[in-house]
Amino acid sequence: MARLLKLRGFEQKKTVSSIPEIYRKLIPKDYPAKDENGKELPLTDPHPVPRFYQNGDRWLFILIGGGSKSAQTLAKALRTSRIAGFIVDAIGVILDQDLKDTPVGARDQFIADFKQQQDLPMQLNLEITPGSVNPGSPCLGLFVLPDNLNTGALEDLLLDCGEKQYKALKDKAQSFRDDAFANAGLKQEDLASYGKPDGQKHISKKKKAWVSAMGAVLTPSAAIQNSIRENRWLEDEALKLPRILSLQKFLDDLIA
């Protein structure tokens, strides 16, 4: 999303001094940060600092939800905005669908989690068709990756892009992954995070390994988001892919 925002003139702000005082309240002051119940988050967790983006007088914040914590993250940000004294114009929720049976199931799980949040400054009706944006105050949108229709996640979009931008690398990365599974002497405990071989989690993890193998060549020793930001994943013909166009339309409708 940050890469798509950059194409739309939004620049990420990387220092506190470049962020207006009113928005700095979104940055947790305590380290380690605490969850909704006041319990300290592990030191191994990234500090939950939003990403700040500016285009002229417009500001956009990306909050990293972390799966089941997504609803809590949104609720906390809304409470903080009320305390800080600014009104949110638009809210977009982007979810992975891979561990739910349907996109609607992923949406409904988020809604159920959000309804458990207390002391909210506004009520949000997120029972909208996945992929759509409803105008209002605030404008609300919800997108279920990869395309609001099929089972999958972000990795499916990256593999689509990789087919256009890095076809040979994508094929070699797949061959490496599959050969490693078959011939690298890996034990069951080495692959414990993959879950059951016939489960959706296993399928999703194998796609993540595939994309990560590509990223390891493009940006060694770095997380895949660094490769997305620095390399050609979202350039040229990749931007014309149907599922990428769908995501871009969602973003444009949300920030219009």
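J.: Please set out the environment of glutamine 118 residue by residue, giving values where relevant.
T.: Within the secondary structure layout, glutamine 118 lies in the loop between helix H4 (103-115) and strand E5 (133-134). For glutamine 118, a relative accessible area of 58% corresponds to the exposed category. Residues glutamine 118 and leucine 43 lie 75 residues apart in sequence; the distance between their C-alpha atoms is 26 Å.

J.: So, the sheet that holds strand E2 (residues 51-55): which residues are in play, and what are the values?
T.: Taking strand neighbours across the sheet as the criterion, the three strands line up as E1-E2-E3 in an open arrangement whose pairing is antiparallel. In this open sheet, the two edge strands, each paired with only one partner strand, are strand E1 (11-13) and strand E3 (58-62). Here the average twist between neighbouring strands, direction ignored, is 35 degrees. Relative to E3, E2 is paired through five bridges, and the arrangement is antiparallel.

J.: Could you give an account of the side chain of threonine 219, with specific residues and numbers?
T.: With respect to the element layout, threonine 219 can be found in the loop between helix H7 (200-218) and helix H8 (224-230). What makes threonine 219 buried here is its relative accessible area of 7%. When sequence neighbours within four positions are dropped, the list of residues in contact with threonine 219 reads Asn226, Ser227, Glu230 and Asn231.

J.: Which residues make up the sheet that holds strand E4 (residues 90-96), and what values do they have?
T.: Reading across from one edge, E4-E6-E5 is the order of the three strands in this open sheet, with mixed pairing throughout. Only two strands of the sheet have a single neighbouring strand rather than two, namely E4 and E5. Bridge count for E5 against strand E6 (residues 139-145) is two bridges, and the pairing is antiparallel. Paired with asparagine 134 across the two strands is leucine 140, which belongs to E6. Strands E4, E5 and E6 of the sheet are contacted by helix H9 (residues 242-255), whose axis makes an angle of about 165 degrees with E6.

J.: Outline the packing of aromatic side chains, supporting the account with residue identities and numerical values.
T.: All chains considered together, the criterion is met by nine aromatic pairs. With a centroid separation of 6.2 Å and an interplanar angle of 10 degrees, the aromatic rings of phenylalanine 110 and phenylalanine 114 are classed as stacked. Of this pair, phenylalanine 110 and phenylalanine 114 are both found in helix H4, four residues apart, which corresponds to roughly one turn of the helix. Relative accessible area serves as the criterion here: at 5%, phenylalanine 110 is assigned to the buried category. Connected via pairs of aromatic rings, a cluster forms that spans Tyr23, Phe52, Trp59, Phe61 and Phe86.

J.: Which residues make up the packing of helix H5 (residues 154-165) against H7, and what values go with them?
T.: Remark: H5 packs on H7, axes separated minimally by 9 Å, with the N-to-C direction vectors making an angle of 45 degrees. Looking at the two axes, H5 sits oblique to H7. As H5 packs across H7, the resulting crossing turns out to be left-handed. Only Lys207, Lys208, Trp210, Val211 and Met214 of H7 make contact with H5, whose side of the interface consists of Glu155, Asp156, Leu158, Leu159 and Gly162. Grouping the constituent residues of the contact of H5 with H7 by class yields five nonpolar, one polar and four charged.

Conventions and cut-offs
Residues numbered from 1 in each chain as written. Predicted model: local features only at pLDDT ≥ 70, side-chain atom pairs only at ≥ 80, totals over all residues. Heavy atoms only, no water. Helix = DSSP H or I, 4+ residues; strand = E, 2+ residues; numbered from the N terminus. Buried < 20%, exposed > 50% of the residue type's maximum accessible area, 1.4 Å probe, protein only. Pairing = 2+ DSSP bridges. Axes fitted to C-alpha atoms, helices over the stretch in contact; angles between N-to-C directions. Contact = heavy atoms within 4.5 Å. Phe/Tyr/Trp six-rings, centres within 6.5 Å; stacked < 30°, edge-to-face > 60°. Parallel < 35°, antiparallel > 145°, perpendicular 65-115°, else oblique. Left-handed = near helix turned anticlockwise from the far one by under 90°. Nonpolar A, V, L, I, M, F, W, Y, C, P; charged D, E, K, R; others polar.

Function cannot be inferred from these measures alone, as they are strictly geometric.
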